[in-house]
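The lines below spell out each chain.
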Amino acid sequence: MAVADRRLPTRHVNTVMTALRSPRQLSREVLAGMVTTLALVPEVISFSIVAGVDPMVSLVASIVLAVAMSILGGRPGVVTAAAGSVALVIAPLVHEHGVQYVLPAVLLAGVIQVVFGLAGLARLMRFIPRSVMIGFVNALGVLIFMAQVPHVINVPWLAYALFALTLAIIFILPRFTKVVPSPLVAIVVVTAIAIIAGLAVPNVADEGPLTGQMPGITPFLVPLTLETFRLVLPTALSVAFVGLMETLLTAKLVDDITETPSHKGREAWGLGVSNILAGFYGGIAGCAMIGQTVLNVKTGQARTRISTVVAGVFLLALVTGLSPIMGQIPMVALAAVMMVVAVTTVDWHSVRPATLKRMPLPETIVMAITVAVVVFTGNLAYGVLVGVILAMVLFARRVAHVITVERTVAEDGGSVRYQVVGPLFFGSSNDLVEHFAYADDPAAVTIDLSRAQIWDASTVAALDSIETKYGHHGATVAIEGLDERSTGFHRRLTGHLGA
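Nothing here was measured: the structure is a model prediction, and the numbers come from that model. (Residues numbered from 1 in each chain as written. Predicted model: local features only at pLDDT ≥ 70, side-chain atom pairs only at ≥ 80, totals over all residues. Heavy atoms only, no water.)

1. Observations regarding the nonpolar core
Then step 1. Among the nonpolar cores identified, the biggest contains 87 residues, and I45, I90, I284 and L380 are the most heavily contacted of them.
Then step 2. When near neighbours in sequence (up to four residues on either side) are disregarded, I45 contacts P55, L59, V204, M326, I329 and L334.
Then step 3. Core analysis: the next-biggest nonpolar cluster, separate from the first, contains 24 residues, V433, F436, V460 and A475 among them. (Core = buried A, V, L, I, M, F, W, Y, C linked by side-chain atoms within 4.5 Å. Buried < 20%, exposed > 50% of the residue type's maximum accessible area, 1.4 Å probe, protein only. Contact = heavy atoms within 4.5 Å.)

Right under this line is the structure:
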C-alpha cells in the first residue's frame, strides 16, 4: 500500500505572472529574446532573398508572427518568423507570377491552418514516419544550400575573401566565447569591413530597398476570381502544411526540452491566424524557426511567452532604427551563414554508412525518395506526401506477410480447425483465401480468430468468400474467437458486401 500512497513530485510551472514576479527569471526571458532576435535577423533577410521578396517584407512579417504567436500559440518559447521552408515554397510563385500573388496564397494558407487546428487534425502529425521526417530535414538542408549558390558565383574576388572570413569567424569564435552568436559577429565584422574599405560587393540593398519605414497594410492587387484561387491553391497548401509540420515538430521538440506539454491544436490554429495577420501587415507567411527556438529555450533558458514578445519588439526596434546598415550587409556573408545553417540542418548521422547498414532497407528507401522528390520539385510538401504514401505502402506490404494459418484435422477426420494469427486488413486478407484446402477438408470447418483481429471490410469480404467456397463443396464454416470489436464489425458487414 505504500506504493499506492506515493505521490509524484510536483513540477514547477513557469508562467508569465511568475516571471514578472521574479526579477531573475524576467531578466533571463528578456535576454533570451534579445539574443534570439540577433540570431534571427540574418536568416530572415537571407530567406527573403530566397523567396524573392523585399527583405523589409520578411522582417515586418516576422515581427507580426513573433508577437501574434506569443499570444495565440499553444507552446510558449517557440520562435515564429518568416522561415526558410516557407520561403522555398513561395519562391516559385513569386518568380513565375509575381509578388502580388503572395498575399492571397498566404491568406488561404492561414485559413487552411486554422481549419486544421480547430478540427483537431494536428494529432495526425504522429503518423508521419521517422524516415520521412529525416528526409524532410535533410532535404531542407539541401534546398537551403542550393539557394545560396547563386550568391557566391560570378562575384568579385573580394567577395570570396569576405565569404572565407565569415566562415572563419563562425567556426573559430565559439571556441573562445558563446555569449554572442558567432553568425551575428561574422556579419557585423564583414559588413564593417565592407563599409570602411568601400568594397564594391553585392549587398542586401541590391536585392531590395530597406527604407526603415513600416509598410502599412498589404494591398490586394490581384482579381478576386476563381482563376486566382486555382493559381495560388497549390502554393497555399504547400505553405500551410509545410508550416504546420515544422511548427508542430518544433513544439514537440520544446516539449521534450522543457518536459512540459503543449496544445498542438492551438499551436496550429494560432499559426493560421498569425499568418493571416502577417499577410495583411507584412506580406509573407512563416512558421516556427527550429534553430532560433532551440537557442531561446535551451541556451537562453526561456520558458514563457515573454521571451518571444521581447524578440518581436526588439526586432521592430532593429528594423526601424538600423535598416540603412542592414542594406550594406554583403550577400556573401549571408550566404555563408545560410550554408552553415544548411550543413548543420542535415542529419549526418542518418547517412553514415554504419547507420545505413543497420537501418531496414525500406526505411532508407523512404528517406532517400523523400529527399529526391523535394530536391527535384523544390517543394517540401510534395516530398513529405510522397514519403508518407511510400512508407504506408511498404509498411502494408511487410505486414501483409506476417499472418500465419495453421491447419489441424480432428482425429476422427470429421472436422478441421484453422488457427489464424496476425492482423487482418486489405493487405493480408487478400492472401487469406489461399490458405484453405477447400476440396480436401471435411464438412465441418472452424476458423479460430482468437489471435487475429478484423480491421476492414476487405477482411470481412475475404471471410465471406471462404464460406462461399466451402459451401460449394458442401461444408459449413464456423468463425470463433473474435474480440468484441471485431465481432460487431463482422456481424454488421457479413453477407452485405458481395454482388
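Further notes follow.
2. Overview of the environment of V188
Then step 1. Tracing the backbone shows V188 in helix α9 (residues 182-197).
Then step 2. A residue is classified by how much of its surface remains accessible, and V188, at 51% relative accessible area, is exposed.
Then step 3. Residues V188 and D255 lie 67 residues apart in sequence; the distance between their C-alpha atoms is 34 Å. (Helix = DSSP H or I, 4+ residues; strand = E, 2+ residues; numbered from the N terminus.)

3. Brief notes about unusual backbone geometry
Then step 1. Here N154, not a glycine, exhibits a phi torsion of approximately 55 degrees, which is positive.
Then step 2. By the element assignment, N154 lies in the loop between α7 (130-148) and α8 (157-172).
Then step 3. What makes N154 exposed here is its relative accessible area of 78%.
Then step 4. The residue E259 is not glycine, and still its phi comes out positive at about 55 degrees.
Then step 5. Within the secondary structure, E259 is located in the loop between α11 (226-258) and α12 (264-280).
Then step 6. Note on E259: relative accessible area 53%, which makes it exposed.

4. Here's the deal with the pattern of salt bridges
Then step 1. Applying the stated criterion to the full structure yields six salt bridges.
Then step 2. When the shortest N-O distance is used, the salt bridge between D255 and R75 registers 2.7 Å. Separated by 180 residues along the polypeptide, D255 in helix α11 and R75 in the loop between α4 (55-72) and β1 (80-81) bring together distant segments of the chain. Residues D255 and R75 agree in their burial class; the two are buried.
Then step 3. Among the ionic pairs, D256 bridges to K252, the shortest N-O distance being 3.1 Å. Linking D256 with K252, this pair stays in helix α11, spanning four residues, or about one helical turn.
Then step 4. What makes D256 partly exposed here is its relative accessible area of 47%.
Then step 5. Taking the relative accessible area as the measure of exposure, K252 reaches 42% and is therefore partly exposed. (Salt bridge = Lys/Arg side-chain N within 4 Å of Asp/Glu carboxyl O.)

5. Quick notes on the packing of aromatic side chains
Then step 1. On inspection of all chains with the given rule, the structure shows six aromatic pairs.
Then step 2. Where F116 meets F241, the ring centres are 5.9 Å apart and the plane angle is 75 degrees; that geometry is what we call edge-to-face. Here the residue F116 occupies a position in helix α6 (residues 102-118), and F241 occupies one in helix α11, the gap between them amounting to 125 residues.
Then step 3. The exposure class assigned to F116 is buried, which follows from its relative accessible area of 9%.
Then step 4. Summarising the aromatic geometry, the rings of F436 and Y470 are spaced 6.3 Å apart at their centres and angled 85 degrees between planes, so their arrangement reads as edge-to-face. Here Y470 lies in helix α20 (residues 457-472) and F436 lies in the loop between α19 (426-432) and β5 (444-454), a separation of 34 residues in the sequence. A single burial state applies to F436 and to Y470, both of which are buried.
Then step 5. The rings of Y418, F436, Y438 and Y470 are connected pair by pair, giving a single aromatic cluster. (Phe/Tyr/Trp six-rings, centres within 6.5 Å; stacked < 30°, edge-to-face > 60°.)

6. Notes on the sheet that holds strand β3 (residues 404-409)
Then step 1. What the four strands build is an open sheet, ordered β3-β4-β5-β6; its pairing is mixed. Two strands in the sheet have a free side with no partner beyond their single neighbour: β3 and β6 (476-480). Shown here is a sheet whose adjacent strand axes are inclined to one another by a mean of 20 degrees, direction ignored.
Then step 2. Bridge analysis of strand β4 (residues 415-424) against β5 gives nine bridges, and the strand direction is parallel. Across the sheet, residue V416 finds its bridge partner in β5, namely V445.
Then step 3. Across the sheet, α20 lies against β4, β5 and β6, angled at about 170 degrees from β5, the strand it touches most. (Pairing = 2+ DSSP bridges. Axes fitted to C-alpha atoms, helices over the stretch in contact; angles between N-to-C directions.)

7. Focus: a nonpolar patch on the surface
Then step 1. Side chains of F145, V343, W348, V351 and L356 sit close together on the surface and give an oily, nonpolar patch of about 410 Å² of accessible area.
Then step 2. Within the secondary structure, W348 sits in the loop between α15 (331-345) and α16 (353-358). (Patch = residues over 30% accessible without salt bridge, like charges linked within 9 Å, V, L, I, M, F, W, Y side chains within 5 Å. Areas by Shrake-Rupley, 256 points an atom, 1.4 Å probe, with all protein chains shown as cover.)

8. Side note on the environment of V420
Then step 1. Along the chain, V420 turns up in strand β4.
Then step 2. The sequence separation of V420 and A452 amounts to 32 residues, and the corresponding C-alpha distance is 6.2 Å.
Then step 3. When neighbours within four sequence positions are excluded, V420 is seen to be in contact with T404, V405, L432, I447, D448, L449, R451 and A452.

9. Points about the confidence of the model for the protein chain
Then step 1. Chain-level statistics for the protein chain give a pLDDT mean of 86 and a share of 96% at 70 or above.
Then step 2. Taken together, the stretch residues 1-11 has pLDDT below 50 and engages in two contacts with residues farther than four places along the chain or on a different chain. (pLDDT = per-residue confidence, 0-100.)

10. Here's the deal with the packing of helix α3 (residues 23-51) against helix α14 (residues 306-326)
Then step 1. Where α3 meets α14, the closest approach of the two axes is 8 Å, and the angle between their N-to-C directions is 45 degrees. Looking at the two axes, α3 sits oblique to α14. Of the two possible hands of crossing, α3 and α14 adopt the one that is right-handed. Of α14, the residues touching α3 (which contributes L26, E29, V30, G33, M34, T37, L38, L40, V41 and I45) are I306, S307, V310, A311, F314, L315, L318 and M326. (Parallel < 35°, antiparallel > 145°, perpendicular 65-115°, else oblique. Left-handed = near helix turned anticlockwise from the far one by under 90°.)

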